[in-house]
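Structure assessment
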Amino acid sequence: MAQTVRSAGSRPAPGRAADTRRSTGSLFATDGRPHPLQELLMAVTGVLGVLAFVTAMFHNLHLISSWAGLIGILTGAYGQYISRTTWQRFGLIMGLGSSAVGFLLGMAHGGLFGGVIT
């Protein structure tokens, strides 16, 4: 494999250690700044995902599972759009997956308005 040559401006100065905060590679890596909106969206998506997934296991709770899943998918998608760290993306994907499963099972059991609108 060929090696690339970096310009002198991209190398750390001699005698000074490079900034290693961003190169940890950990799942819990953060940029050191608070992101309250992204963390709120991650928590809401997770709660809606768990609600949609659990209620999807019961046939008669399809209204709750389909609506909670739909709202969880929308909040998770927006959270993914504005997320800043790997930890937020990981939590959002977990919530999005469970929201999608709950939404799809809720749709299969009766849908968003099944039995309410005749």
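Structure first, text after, so check above.
A few points on the structure.

Conventions adopted
- The written sequence of each chain sets the order in which its residues are numbered from 1.
- Local features in a predicted model are, by the rule used here, given only for residues with pLDDT of at least 70; side-chain atom pairs are given and counted only at 80 or more, and totals for whole chains, interfaces and linings are based on all residues.
- As a rule here, side-chain values come from all non-hydrogen atoms in the structure, and water together with hydrogens is ignored.
- Under the DSSP-based scheme used, a helix requires at least four consecutive residues in state H or I and a strand at least two consecutive residues in state E, with every element numbered from the N terminus.
- Residues adjacent in sequence count toward polar contacts only when both atoms are side-chain atoms; beyond that, a polar contact is any pair of N or O atoms within 3.5 Å, and within protein one must be able to donate a hydrogen and the other to accept it.
- Contacts: residue pairs with any heavy atoms within 4.5 Å of one another.
- For Phe, Tyr and Trp, rings pair up if their centres lie within 6.5 Å, where Trp contributes its six-membered ring, and each pair is then called stacked (planes under 30 degrees apart), edge-to-face (over 60) or tilted (otherwise).
- Only protein chains enter the calculation, and the probe is 1.4 Å; a residue is then buried if its accessible area is under 20% of its type maximum, exposed if over 50%, and partly exposed in between.

Moving on, we get to the side chain of S83. Following the sequence through the fold, S83 ends up in the loop between α2 (62–82) and α3 (86–109). A polar contact is formed between the side chain of S83 and the side chain of R89, at a distance of 3.1 Å. Apart from residues lying up to four places away in sequence, S83 is in contact with Q38, Q88, R89 and L92.

This structure, assessed with the given rule, holds three aromatic pairs. Centre to centre, the rings of W67 and F113 are 5.6 Å apart; their planes meet at 75°, and the pair counts as edge-to-face. With W67 in helix α2 and F113 in the segment after α3, this pair connects stretches of sequence that are 46 residues apart. With relative accessibility at 45%, the residue F113 sits in the partly exposed group. Centroid distance W87 to F90: 6.2 Å. Interplanar angle 25°. Geometry classified as stacked. Taken together, the positions of W87 and F90, both in helix α3 and three residues apart, correspond to about one turn of that helix. F90 sits in the partly exposed class, given a relative accessible area of 38%.

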